[in-house]
Amino acid sequence: MRTKAITRLLFLVGVITWLALLFTDISIVFSSSNANIKQELPTWLPGVILNLYILSVFYYFKLKIERDDVLNFVDLLWRVFATGLVFTVISLGLRLLEFLMGSTRLTTNVVFKDLIYLINLALMIGFLLMAFTAWKRLILYQKSKWLIRLWAFFEIGLLLSLLYNTFKFPMVQWLYGTLMGVFVVVGLILSGNMKWVAYLNFRQKWTSLLLLLLTIFYLLYLFYTNSALAEGIGMVAPNFTDYRYHIFILSLIVFVTIYSSFSFLVILFNLPTTSVFEQKLEEVVNFQRISQSIQTEQSEESVYNILLETSVSTVFADAAWLEVNSKQLNYKLFTYKITDKEAHDIIAHLKNHNVKGILEQSSDKTKNLSKHLSSLKGSRFRSILAFPIYVKGENIGTLALLKELPEGFNKEMTKIVSTFANQAGISIENFRLMEEALQNERYKEELKIAKTVQKSLLPDVLEKDNDFEIAAFSESADEVGGDYYDTIRINDHLVGLIIADVSGKGTTAAFHMSQMKGIFHSVAQEDVEPDVFMVRSNQALVYCLERGSFISAIYFAINTQTKKVRYARAGHCPILYFCAGQEHAVYFKDKGIALGMVRNKSYKNFIQANEFEYHSGDVMVLYTDGITEAKDNKGEEFGYERLEQVVNEVRSKSPKEIQEHLIHKLYEFTGTENINDDYTTMIVKFK
């Protein structure tokens, strides 16, 4: 809003100063052309007002053009052209008015001529300052320190030169000539900065040529018109405001004309090579497109399609195909502006002529292959260029480009497409690495979820009773294990207890654990016999477990009223039981097949219920096979005897202490904390 207000104020100042210039200059001209009228205004006043007008218009365009970030190169030229067109039309309108009025007394009057002159002078100055500001933006497009300093010197010097003409100092020829010479030389140096031309495309260059040509025409027309009017007035009234001795205006005319002419010639001479530059730019864009395809595309096929499109457009090929034979896609043919049949016919024809696989990337090989292709009847293509696509050193495919003209590819095209093919291989390799990374991340996320699920499946608090004490421990070999243990109170004197080992690892094992937990909590609450529990559990799991999966388990029902334990073993590790009274340990190796191994009702024939009576001080050790099968650095297993020996050392202690001693000895035996299988123990000590 502030800039707009200042711009409007400057425009208003420009109008007011021009009207003041009109009044003062006409007064002086009128009095000087009539001997009877005394001249009262000083002759230097119009010069001062003219300079004020120049300053207001200069800063008006400075704010209008320099602070407009939206304008591009062609837009600037359009602004200059439009301004020149409007001002030229106004000037031509005045000339038409003079022509229509004919040789009347008014048209020959010096005051009228001065009026027309001052209007044309204001138009020319406005056009020059508009072009000056626009050329400044073009020159300073790519800034450097010396360029900014040189332009500042040029601009400030021009503004200071206004003082020379302000008070009509006596003409000092050498000073006048020196100032003009300096401004012309600096203007020539600045006019050599035309880096913006390189960023114009073919169409923009043609537009710029037309606009610059018309700009030069407007400039020459306004200069010629003002020169003719000034010469006519000078013969009658020599004291008028004559721009022909104004250093600022003359320097501006020279600079704007030089830069306009230089720009026109540079664009004209660059026009024939524009297509080459645009092709190079397209190559860069296409190369970048292939390079960035890993970030934007969702599949390898998308990268292959981009390679086809970019290669064809870069070397102006008529068609292309891409043979891919990789593990991810097997064999696949991608075509571009050619049918699958045409591509297969050419491939078969080249094989028949013993042209194998990929061409060496040279023009000679291209010609040789094109010779073979020319012998193919019915084919519209006469030139072919082929390149290998490598991913991690493996040749996964061949890119073939075709043209309808014989020998249509040159060595430069070969290098370009070779670069594209290499980059495509890198992009595909990166794409696959990213896919693997994403899959690994997804897998890790799944494992985190499964681990959370597994932790939620294992109880935080085990059932307590006056007759026994329980301690449990579980450590997974991977992020998610398949071991499960749990307890449930069935009634006041009956507690259910289970330990199980699910085959497999990861999310599948966690899923089967959740199924086992659901079965345990639902079936055990019905107070069924242990063998019935196993039969019903097997029947439920048959519909959940896939073939080859199974769950080994032992289910116990501890009756604190009868002091007896009934249990059933389904393929799980044998129970290690220490009898306190006999000071003797024994393994209960009862028969039983794991859940899910037999998938029919005959499973009940493979399971049996067992019972024993417990006494104070007895210890029951439950575990999974990860304990007994743990190996040391020599490959020896921990085994049943060592398990019995380790537990026997501390059987008189609490279940928690027995458990800690066992785990400590286990890690001491293996010599590492990186376990190969899940470690799970459940120790019950009867009081």
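Because the structure is predicted, anything quoted here is derived from the model rather than measured.

(A) Quick peek at the pattern of salt bridges. Applying the stated criterion to the full structure yields 16 salt bridges. Its salt-bridge partner being Arg-536, residue Glu-526 comes within 2.7 Å of it at the nearest N-O pair. Of this pair, Glu-526 sits in the loop between helix H15 (506–523) and helix H16 (530–542) while Arg-536 is found in helix H16, placing the two residues 10 residues apart along the sequence. Residue classification places Glu-526 among the partly exposed residues on the basis of a relative accessible area of 43%. Residues Arg-566 and Glu-529 are paired through a salt bridge, measuring 2.5 Å at the closest nitrogen-oxygen approach. Of the two residues, Arg-566 is situated in strand S9 (residues 564–570) and Glu-529 in the loop between H15 and H16; the sequence distance between them amounts to 37 residues. Arg-566 gets classed as partly exposed once you look at its relative accessible area, which sits at 27%. Note on Glu-529: relative accessible area 37%, which makes it partly exposed.

(B) Examining the sheet that holds strand S13 (residues 619–623) more closely. The five strands are arranged S5-S14-S13-S10-S11 in an open sheet whose pairing can be described as antiparallel. Looking at the sheet topology across the chains shown, the edges are occupied by strand S5 (468–475) and strand S11 (584–588). Adjacent strand axes in the sheet meet at a mean angle of 15 degrees, parallel and antiparallel pairs treated alike. For S13 and strand S14 (residues 679–686), the ladder comprises five bridges, and the chain directions are antiparallel. Bridge pairing links Val-619 to Lys-685 in S14. Contacting strand S10 (575–579), S11 and S13, helix H18 (residues 639–649) runs over the sheet at an angle of about 40 degrees to S10.

(C) Spatial organisation of the pairing of strand S3 (residues 383–391). Within S3, eight of the nine residues are buried, which leaves the element mostly enclosed by the surrounding structure. Inspection of the sheet shows S3 paired to strand S4 (residues 394–403) by nine bridges, in the antiparallel sense. Each residue of the ladder has a partner; that of Val-391, found in S4, is Glu-394. Counted along the chain from S3 to the antiparallel partner S4, the turn is two residues long, and its residue Lys-392 has a positive phi close to 55 degrees.

(D) Molecular detail of the nonpolar core. Formed by 88 residues in total, the largest nonpolar core has its most connected members in Trp-135, Trp-196 and Ile-249. Only helix H1 (2–33), helix H2 (45–66), helix H3 (73–101), helix H4 (110–139), helix H5 (145–166), helix H6 (173–191), helix H7 (202–236) and helix H8 (247–270) provide two or more residues apiece to this core. Not counting the four nearest positions on each side in its chain, Ile-249 is found in contact with Leu-50, Ile-54, Met-124, Ile-125, Leu-128 and Tyr-243. Counting 55 residues, the second-largest nonpolar core is a separate cluster that includes Ala-524, Leu-541, Val-598 and Met-620.

(E) How the structure looks around the sheet that holds strand S6 (residues 483–491). A sheet is described by the order of its strands in space; here five strands give the open sequence S6-S7-S8-S9-S12, paired in antiparallel fashion. The outermost strands of the open sheet, each flanked by one partner alone, are S6 and strand S12 (609–613). Taking each pair of neighbouring strands and ignoring which way they run, the sheet shows an average axis angle of 20 degrees. Across five bridges, the pairing between S9 and S12 is antiparallel. Pairing of Ala-568 across the sheet is with Ala-609, part of S12.

(F) Spotlight on the packing of H3 against H4. As a packed pair, H3 and H4 sit with axes 9 Å apart at the nearest point and diverge in direction by 170 degrees. The pairing of H3 with H4 is recorded here as roughly antiparallel in orientation. A per-class count over the contact of H3 with H4 returns 18 nonpolar, five polar and three charged.

(G) Broad picture of the environment of Leu-213. Relative to the elements of secondary structure, Leu-213 occurs in helix H7. Along the sequence, Leu-213 and Ser-261 sit 48 residues apart, while their C-alpha atoms lie 8.2 Å from each other.

(H) A look at the packing of H7 against H8. In the contact formed by H7 and H8, the axes pass within 9 Å of each other and the chain directions differ by 155 degrees. Judged on the interaxial angle alone, H8 and H7 are roughly antiparallel. Between H7 and H8 lies a crossing whose hand is left-handed. Contacts between H7 and H8 involve Lys-205, Ser-208, Leu-209, Leu-212, Leu-213, Thr-215, Ile-216, Leu-219 and Phe-223 from the former and Ile-253, Val-256, Thr-257, Ser-260, Ser-261, Ser-263, Phe-264, Ile-267, Leu-268 and Asn-270 from the latter.

(I) Region of interest: the packing of aromatic side chains. The full count for this structure, using the stated rule, is 36 aromatic pairs. Relative to Tyr-141, the ring of Phe-73 has its centre 4.8 Å away and its plane inclined at 80 degrees; by these criteria the two rings are edge-to-face. Of this pair, Phe-73 sits in helix H3 while Tyr-141 sits in the loop between H4 and H5, and the two are 68 residues apart along the sequence. Judged by relative accessible area, Phe-73 falls into the buried class, the value being 14%. Consider the rings of Phe-520 and Tyr-555, whose centres lie 6.2 Å apart with planes at 70 degrees: the pair is edge-to-face.

(J) Region of the structure containing a nonpolar patch on the surface. Taken together, the side chains of Leu-9, Leu-12, Val-13 and Ile-16 present a nonpolar region at the surface, about 350 Å² in accessible area. Relative to the helices and strands, Leu-12 resides in helix H1.

(K) Summary view of the environment of Val-186. Tracing the sequence through the fold places Val-186 in helix H6. For the pair formed by Val-186 and Phe-255, sequence separation is 69 residues and the distance between their alpha carbons is 9.0 Å. Contact partners of Val-186, with chain neighbours within four places excluded, come to Leu-150, Phe-153 and Phe-154.

(L) Geometry of the side chain of Glu-155. Checked against the element boundaries, Glu-155 lands in helix H5. Using a relative accessible area of 12% as the deciding quantity, one classes Glu-155 as buried. Not counting residues up to four positions away in its chain, the partners in contact with Glu-155 are Phe-58, Lys-62, Phe-132 and Lys-136.

Definitions and limits used
Every chain is numbered independently, its residues counted from 1 as its sequence is written. Where local features are concerned, this predicted model is filtered to residues with pLDDT of at least 70; where side-chain atom pairs are given and counted, the filter is 80 or more; whole-chain, interface and lining totals use all residues. Hydrogen atoms and water are omitted, and side-chain values are computed over all heavy atoms in the structure. Whenever a carboxyl oxygen of Asp or Glu lies within 4 Å of a side-chain nitrogen of Lys or Arg, that contact is scored as a salt bridge. Only DSSP runs of H or I reaching four residues or more are called helices, and only runs of E reaching two or more are called strands; each is numbered from the N terminus. Each residue's exposure class comes from its accessible area (1.4 Å probe, protein chains only) as a fraction of the maximum for that residue type: buried when under 20%, exposed when over 50%, partly exposed otherwise. A pair of strands is treated as paired once DSSP finds two or more bridges between them. All axes here are fitted lines through C-alpha atoms, helices being fitted over the stretch that makes contact, and every angle between N-to-C directions spans 0 to 180 degrees. Two residues qualify as a contact provided that any one of their heavy atoms is within 4.5 Å of a heavy atom in the partner residue. As used here, the term nonpolar core means buried Ala, Val, Leu, Ile, Met, Phe, Trp, Tyr and Cys residues forming a set that is joined through side-chain atoms within 4.5 Å. By definition in this entry, angles of less than 35 degrees are roughly parallel, angles greater than 145 are roughly antiparallel, angles of 65 to 115 are roughly perpendicular, and the rest are oblique. For this scheme, ten residues count as nonpolar: Ala, Val, Leu, Ile, Met, Phe, Trp, Tyr, Cys and Pro. Four count as charged, namely Asp, Glu, Lys and Arg, and the remainder, Gly too, count as polar. Here is the rule for handedness: rotate from the far helix to the near one, and if that takes an anticlockwise turn smaller than a right angle the crossing is left-handed, while a clockwise turn gives right-handed. Each pair of aromatic rings taken from Phe, Tyr and Trp, with Trp reduced to its six-membered ring, is defined by centres within 6.5 Å and is described as stacked if the planes are under 30 degrees apart, edge-to-face if over 60, and tilted in the remaining cases. Think of a patch as exposed residues, more than 30% relative accessible area, with no salt bridge, where like charges cluster within 9 Å and nonpolar side chains (Val, Leu, Ile, Met, Phe, Trp, Tyr) cluster within 5 Å. Residue-level accessible areas treat just the shown protein chains as cover; the underlying method is Shrake-Rupley with a 1.4 Å probe.

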